[in-house]
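Chain by chain, the residues run as shown.
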Amino acid sequence: MSEQSKPTNFIRQIIEADLASGKHKKIHTRFPPEPNGYLHIGHAKSIVLNFGIAEDYGGECNLRFDDTNPHKEDVEYVEAIKEDVRWLGYQWSGLYYASDYFEQLYQFAVELIEKGLAYVCDLTPEQVREYRGTLTEPGRESPYRNRSVEENLDLFRRMRAGEFPDGSRTLRAKIDMASPNMNMRDPTLYRIRRGAIHHQTGDEWCIYPMYDFTHPISDALEGITHSLCTLEFEDHRPLYDWVLDHISAPCHPRQIEFARLNLEYTVMSKRKLTQLVEEGHVEGWDDPRMPTIAGLRRRGYTPAAIRDFCNRIGVTKVDGTVEMGVLEASIREDLDRTAPRRMAVLDPLKVVIINYPEGKVETLEAPNHPKDDAMGSRRLKLTREIYIDRADFRESANKKYKRLVLGGEVRLRNAYTIICDEAVKDDQGEIVELRCHYDPDTLGRNPEGRKVRGVIHWVSASEGVPAEVRLYDRLFRVPNPAAGDAPLGELLNPDSLQVVQAVVEPAVADAAPGERFQFEREGYFCRDAVEAERGRLVFNRIVTLRDSWAKLEGKQR
RNA sequence: UGGGGUGUCGCCAAGUGGUUAAGGCACCGGACUUUGACUCCGGCAUCGCAGGUUCGAAUCCUGCCACCCCAGCCA
């Protein structure tokens, strides 16, 4: 897998330069999610970047929960996030919470007040907005901006003590109300949240620090050297630096921004993903169609494929959208090498092999992998009645069609060749059964004097096992569902899930939960772990095989 | 109309004044094939636009254009 070739990107170049110049002897990064939802493939990009850098440069990477807004967060999410990071194959150096630093943060705020660089403001949220000005007009200074240090200290202490109601006051940085950068117009540092129960600190605090104040300090306290975040924080960087420049910080990490991941035919924003779940368009956060780590895991994606994908797409500041094909290529490449082959008939059509003895069960040996003998083999059972896929038979077709036609011959994969003698139809003219005869001399060798081009898969009617198979496709009909303002529900792909009753070869009947196979000529599948727990044999299609026949056929129309 | 960013093949992305402008995905040919899979071979760009500097520019300068982000007591 192309994972072995180390990625190169502008951030790694900066790091290499910092190492070479001696600015840093050891690199320290961090992955800082807010525990307010489940991780998705976009987070994976950040995880692979941060942990990957630590790995490749002999550094460390922390997992830090950015938990400064108790209203939105929950332990349920911190547990899920930890599981996802571990599943992706990473181990954090330190596990921290921004809330671990609440007391220190408070003391740094006091330091700013003492330096005359922060003040308690009594403006209401509405007034703050009015005073802030607009993108093109400067703001006005708060009338509370010039309170004395003593008064500010007293008020801030009383804010902490719970003396004031929510929304009545904030602590603000005293920077520049005329700055062209809105983030520098006296940004809020602390707000009051009296009723909140924080998932880590309970009711210990009733004032909570804002991201812009917390993040640089948390980074500095952990000795982070490079603080990597997404593009929308670009104009927060002056504030990040301002905070560290004006307190007695142990060090000054460098914030570097990169583009977040956009993937075609799906959405990435927490709001929209939540909407999909809440409106019932998917079964939950781990629905196999979701771009969440939990969804991809249940779908059957491997951690290695996701890591490989993240390395393939690179890291830049360009706001682009990656095609699904890249993700699919990553999982196909991984599974082609590692997934044992099996046969499963998804749309069964009965075939009676008329010259095959009734009651006979022949055991055939079939390799688990066409190119890797070390993967061993399994046994197949051939009987007089078998199933093939309905799509593998046509009464007549042009020579491009390599499968079974009336009077034509194909090979049953891993078995004999058969020739179709008759298609039996019901009253509606629907084909219900095929009557064929086989050539006993074609096991493991080609017939004399004729060339059999087609190979189709099959399963014994009596020895095969019924299973439910869930065929997943892209969740949306449009490449960029987030664009425009059409309701998400109207953009969904109505065929994103198709459930079929299939027949699978006996060797997959006892598949382990989550075990992956290639169902030959169909795609890669994994046994659904959730359904397995209920004792049901259900397979999820992870991804189809590349299909040049479908392409050819499409072109002919 | 303020500020911050970004523009290299359909998508992602190397490139850091002198290279035939990497590579991956996709696509198009062809070989091989008991998976129309895999694999293999071959094809596939003058760098947003316009000027300028230079012996030489995707790389430097100037001016345009397009797109993204910012007016939460969210992160």
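Residues numbered from 1 in each chain as written. Chains lettered and ligands numbered in written order. Predicted model: local features only at pLDDT ≥ 70, side-chain atom pairs only at ≥ 80, totals over all residues. Heavy atoms only, no water.

Draft legend 1. Expanded view of the protein's contact with RNA strand B. In the neighbourhood of RNA strand B, 70 residues make up the surrounding shell, with Gln13, Arg341, Lys371, Arg413 and Ser548 lying closest. When atoms of RNA strand B within 4 Å of the protein are sorted by moiety, sugar and phosphate together comprise 66%. Contacts to RNA strand B include Gln518, whose side-chain N or O atom sits 2.6 Å from a base nitrogen. Elements supplying a minimum of two residues to the surface near RNA strand B: helix H5 (125–132), strand E6 (188–192), helix H11 (303–313), helix H12 (324–338) and helix H15 (548–556). A total of five residues in the surface near RNA strand B trace back to one element, the largest contributor, which is H15. Classifying every residue of the surface near RNA strand B by side-chain character gives 22 nonpolar, 20 polar and 28 charged. (Near = heavy atom within 4 Å. Polar contact = N/O pair within 3.5 Å; in protein donor to acceptor, adjacent residues only side chain to side chain. Helix = DSSP H or I, 4+ residues; strand = E, 2+ residues; numbered from the N terminus. Nonpolar A, V, L, I, M, F, W, Y, C, P; charged D, E, K, R; others polar.)

Draft legend 2. Geometry of the sheet that holds strand E5 (residues 170–173). Spatial strand order, E4-E5-E6-E7: four strands in an open sheet with antiparallel pairing. Single-partner strands in this sheet number two, and they are strand E4 (118–121) and strand E7 (207–209). For this sheet, the mean angle separating the axes of adjacent strands, direction not counted, is 20°. Both E5 and E6 contribute to a ladder of two bridges, which runs antiparallel. Looking at E6, one finds that Leu171 is bridged to Tyr190. Packed onto the sheet, helix H6 (residues 149–160) meets E4, E5, E6 and E7 and runs at close to 60° relative to E4. (Pairing = 2+ DSSP bridges. Axes fitted to C-alpha atoms, helices over the stretch in contact; angles between N-to-C directions. Contact = heavy atoms within 4.5 Å.)

Draft legend 3. Looking closely at empty space enclosed by the protein. In total, this model carries one cavity of 30 Å³ or more according to the counting rule given. Every residue along the wall of the largest cavity is listed here: Met343, Leu380, Lys381, Trp458, Val459, Ser460, Glu505 and Pro506. Looking at the lining of the largest cavity, the elements with two or more residues in it are strand E14 (377–382) and strand E22 (458–460). At three residues, E22 tops the list of elements feeding residues into the lining of the largest cavity. When its residues are assigned to classes, the lining of the largest cavity shows five nonpolar, one polar and two charged. (1 Å grid on protein atoms, 1.4 Å probe; cavity = no way out; pocket = protein on both sides within 12 Å on 5 of 7 lines; lining within 4 Å. Points joined across faces, edges and corners; volume = space filled by probe spheres on them.)

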